[in-house]
Structure formats: structure tokens, C-alpha cells
Amino acid sequence: MLKVNDINVYYGNIHALKGVTLEIHPGEIVTLIGANGAGKSTLLKTISGLLKPKSGEILLEDEHVAGKVPQLIVKRGISHVPEGRRVFANMSVEENLELGAYLRKDKNGIREDFEKVYQLFPRLQERRKQLSGTLSGGEQQMLAMGRALMARPRLLLLDEPSMGLAPLLVKTIFRIIEEINQTGTTILLVEQNANMALSIANRAYVIETGKIVAAGTAAELGESDQIRKAYLGGH
Amino acid sequence: MFPIPFRKGVAFMEQLIQQLVNGISLGSIYALIALGYTMVYGIVKLINFAHGDVFMVGAFIGFYSITVMDLGIFPALLVSMAACALFGVLIERIAYKPLRNATRIAALITAIGVSLFIEYGTIYIRGAQPEAYPDGIVPLKSIDLFGVSISGQSLLILGVAIVLMILLQYIVHKTKIGKAMRAVSHDQDAARLMGINVDNTISATFAIGSALAGAAGVVFGIYYTKIEPLMGIIPGLKAFVAAVLGGIGIIPGAMVGGLLLGVIEALVSAAGFSLWRDGVAFVVLIVILIFRPAGLFGKNVREKV
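Residues numbered from 1 in each chain as written. Chains lettered and ligands numbered in written order. Predicted model: local features only at pLDDT ≥ 70, side-chain atom pairs only at ≥ 80, totals over all residues.

### Examining the packing of helix H9 (residues 233-246) of chain B against helix H10 (residues 251-270) of chain B
Residues and elements named next belong to chain B.
Reasoning step 1: Their axes nearest at 7 Å, the elements H9 and H10 cross at an angle of 120°. In this view, H9 runs oblique relative to H10, as classed from their interaxial angle. Helix-helix and strand crossings are classified by hand; for H9 and H10 the assignment is right-handed. Of the residues in H10, those in contact with Lys238, Ala239, Val241, Ala242, Ala243, Leu245 and Gly246 of H9 are Gly253, Ala254, Val256, Gly257, Gly258, Leu260 and Leu261.
Reasoning step 2: Its residues assigned to classes, the contact of H9 with H10 shows nine nonpolar, four polar and one charged. (Axes fitted to C-alpha atoms, helices over the stretch in contact; angles between N-to-C directions. Helix = DSSP H or I, 4+ residues; strand = E, 2+ residues; numbered from the N terminus. Parallel < 35°, antiparallel > 145°, perpendicular 65-115°, else oblique. Left-handed = near helix turned anticlockwise from the far one by under 90°. Contact = placed C-beta atoms within 7 Å. Nonpolar A, V, L, I, M, F, W, Y, C, P; charged D, E, K, R; others polar.)

Here's what the structure looks like:
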């Protein structure tokens, strides 16, 4: 579905992604794990068009999308839930969701998706008139995910959905990620919480200082001593 | 004639109400200009010092529409608004867009440059001589309210300002472009991820703000008659004060700030200090910056670490 081929991304002089290659098949949950500053968010931003790679290609079903504007990427079916949620705090829950469907014109489809999102996150329906800045962290995460789903994406990019949430809430969020996946949405999940991420993923990549250093099925990586030591607080 | 008790007191009240009416008319003009300042600041964090000159250009376009093209007031108003919208977008695309990622001081100095360019460009094109809006073009009659006569011009200003402000609120809160504007002003990257075209949204903001300034220019001409190429400087600065007074970046703040400033000025004049009229606006600015730097409607946002 998505192929990232040998991309290089710079922030000024800093070489943030060094020849990253990865692939996501339709229907999968793929997770990208790595420490702070390893380049996880940079990769997601490059896929969604917020950053332009200096070289390399990104193929979405054989269409070259590297360096294209985010507008086009969203239209092609990739939605990005950014790190830190980034909900529009000055707008209501409902308005945030409407903005998620900004590029769509099919009114009936949008109404259906409102229903779906409210089913997935009943909390959002209760608070739909509330300013999103007044929501709790967990609710904002739900809103950010619901907002991304309103674009009806085929591929959902999730950046640290567990960040700053209580353990119980993290479980809920991960259960919902699995539910979203079961309805046919492919998922690329970036996480520092590697244990949780590996528990729901099919495959995983490990990124270290801008390079992919390991790849495999989630089970394989979960077993690997090296990975356990570095990322799973392992023994 | 039978004597009316408290005749003196009645006269005082009449005068006060009359001054309030004048202040509200003037304040409506400030408010219309201030809206453009505040909207542009809200979305690109730039004080567009050329905004007062868009107001001046609007006044001239309205004047030529009425005198040369022989249009009525309302068509002239619309022509001026449309032309100013286009003008605002041109200014943004040519002067500010290339500086989007530059330091804020660079953009600010550019804005001052654009302002001078428009002022003296206008003088170069048509000369520095003033023009006078023709008399008797307002189709409204004056009305009497509590013994105070409110002129047709005042009614026109109020009517135009109220309609435009309602329209603006509708656009910002109910339409897609308005929601995009609010999204971009809050978080550009997140807006991009929704598929919002940030450049077009910023242009739309300049267009709307400039159209409001154009409308303000025309009603100013109708109310005060005289227009000239440097007429935008003082009202522009005062509208900026009004925007800061209400809380820069906050739309209702600009409306209230404008009205408040107009009324304060009128009352200062009425009290016999008309020479202090212009100074008072800046005293207000200083006081606000000292005691409530975020403005009347602004929240004090503490930088989160």
C-alpha cells in the first residue's frame, strides 16, 4: 500500500532521516518504535507532506507522493494524527470533526462518518458542543483520532497516541486502534510505549538516529534480546 | 410657553446623547478598520501597517465610483469593497508571502514600507489634493430620538457597520472558509493535515479584512466629506489601538474596542478638550498595555514550557 524508499530528510544541516525504507501492506498495523529524537515523527511528517524529503521516494499504490502538499496526501487517503493531538482548542468538538472532513463534498457520507466516530468515541458525542480546549488529554486524543477518521482515510498515521495518558486510558485507546484497523483502515503507529505497540501490531520497524536498524514481525521483535533491552525495559 | 423644569439638565442630556451618537458613528468606522488588523494578526501574527492605506484607497475608489462612474452609494460601496479585497490579496501575495518564514520584525518593517508606498504612490498617480464626497447622496433622512437628531450619514454608517459585522460573524463561524481561517490561526500545521490550503486561507483573510477597510473608507468619505491620500494614517493607527484595546486577534474585541475608542474620543471633545482627541487614543493604548496587555477580551496566556 505504502512504500517508503530510501528517503533522506534534513532540518537545516541536521540529517534527520538517513535512507529510511519501509513498507506497509493493506490491512496491517505496522509500528515504528524508537527513542526520543530517533526520527519517528519526522518520518510521519514526511509521509503526510509537512516535510519534504531531499531524496528518495514515497509510493502510495504506485503513485509518487513524496514532496507533495498535505492537501493532496489527505485527498489520496492518508490521515495523520499528530503528536500532542493538536486539536483546534478554540473550536467545538463538532467543528473539529467537520474540519477533518474539510476536503469532502459527500454530505451523506460525512453524516455517516459522524455517526461512526460518535459510536467509536461516545465521549465525543456527549461533548460535541464543548470547546475542545476544555477536554481532558484522553478525550483530546480521541478527538484527534476521530478528526482524522472524518477524512475516511485508507491509511492512518498515529503519532504517540499514548503520550501523557493514564495506563487505563492507554488500553482503551489501543483497543480502539485495533477496532479501527478491523474496519479496514491500515495503520502506521509510532510509539515510545513499545510493549503496547508490539502487542497490537503485525509488523514493526525499529528506528535509531534516523536509520531503520531492525524490522520484522511484531512477535519476532518482541522476542529479540537486543530490542527487549533497548526498548522494552527488558530483562 | 410654559416653563420646562430642569431645562439646563435636559440640554445636557441631549448633548451627551448627541455626542454618544457621534462617537458611535466614528467608532463604527474604527471598528471596521480594526477588524482587518485583528484578523490578519490572528492568522499571520503580523501588524499590517498598510491596512490604514487600504482604507484610504477604498475611500477613493468609492469617490470615483460615485462621481466618475455615477454609481449610487450602495453599488459604490460594493465596488470599493471588491476592489479593496483584491488589493489586499495583492499586497499579501507580493509583499508578505515571501516573508512568511522570515523574522517578524522583517515583515513589520515591510508593512511600513508598503504603507508609505501606497500613500505616496497614490499621490504620484493622482496628486496630493483632497477631494470632497458629493452632498446629498445619502438616501436616508435624519430621525429624532429622545430629542436628538441623528443624521442620515450616521444611520448609514451604523447600518453598514452592523450588517457587515453580522455578515463577518456568520462567515467566521458558519462557513467552511471561516472555519478554515480559525483553524489556520490556531495551528497552521494541524490545519494543513486537515487538507486546508493555508496560503489560500490567508489570502481570504486579507481579502475580507481589506473589504471591510474599503467599506470603512466609503462611509468615512460620506460622513466627513473630505478625503486625501494621507487620510489613512491617523484612523489606521487608531483602529490599531482599538484592536489592541479589545485584544489583538479577537474579532469581537475589535468591534468593542473600535466603538469604545470612538465614544471616548467624542466625549473628550464634548468635554472641551477637542485638541486632545487624537492624543487620548494613544493614552488609552498606553494604559491598556500597562494594565491589561492582552486587551479587554484577551486571556493572559502563559507560555507553556
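### Re the interface of chain B and chain A
Reasoning step 1: Taken residue by residue, the interface counts 14 residues in chain B and 20 residues in chain A.
Reasoning step 2: Listing elements by their share of the side of chain B that touches chain A, those giving two or more residues are helix H6 (176-186) and helix H7 (188-193) of chain B.
Reasoning step 3: Of the residues in the side of chain B that touches chain A, the class split is six nonpolar, three polar and five charged.

### Considerations on the domain arrangement of chain A
All names here are of chain A.
Reasoning step 1: Each assigned domain of chain A is listed with its residue range as follows: domain 1 (1-77 + 159-235) and domain 2 (91-152).
Reasoning step 2: The partner domain 2 presents eight residues to the ten residues of domain 1 that form the contact.
Reasoning step 3: For the side of domain 1 that touches domain 2, the secondary structure elements donating two or more residues are helix H2 (70-75) and helix H7 (167-182).
Reasoning step 4: Considering every element that reaches the side of domain 1 that touches domain 2, the biggest residue donor is H7, with five residues. (Domains from an automatic or database assignment.)

### Some thoughts on the nonpolar core
Residues and elements named next belong to chain B.
Reasoning step 1: With 166 residues, the main nonpolar core has Leu32 and Ala215 as its most contacted residues.
Reasoning step 2: The greatest single-element share of this core, amounting to 16 residues, is contributed by helix H1 (residues 7-44).
Reasoning step 3: Once you skip the residues sitting within four places of it in the chain, Leu32 turns out to touch Ala161, Leu164, Leu212, Ala213, Ala215 and Ala216. (Core = buried A, V, L, I, M, F, W, Y, C linked by C-beta atoms within 7 Å. Buried ≥ 20, exposed ≤ 12 C-beta atoms within 10 Å, placed from the backbone.)

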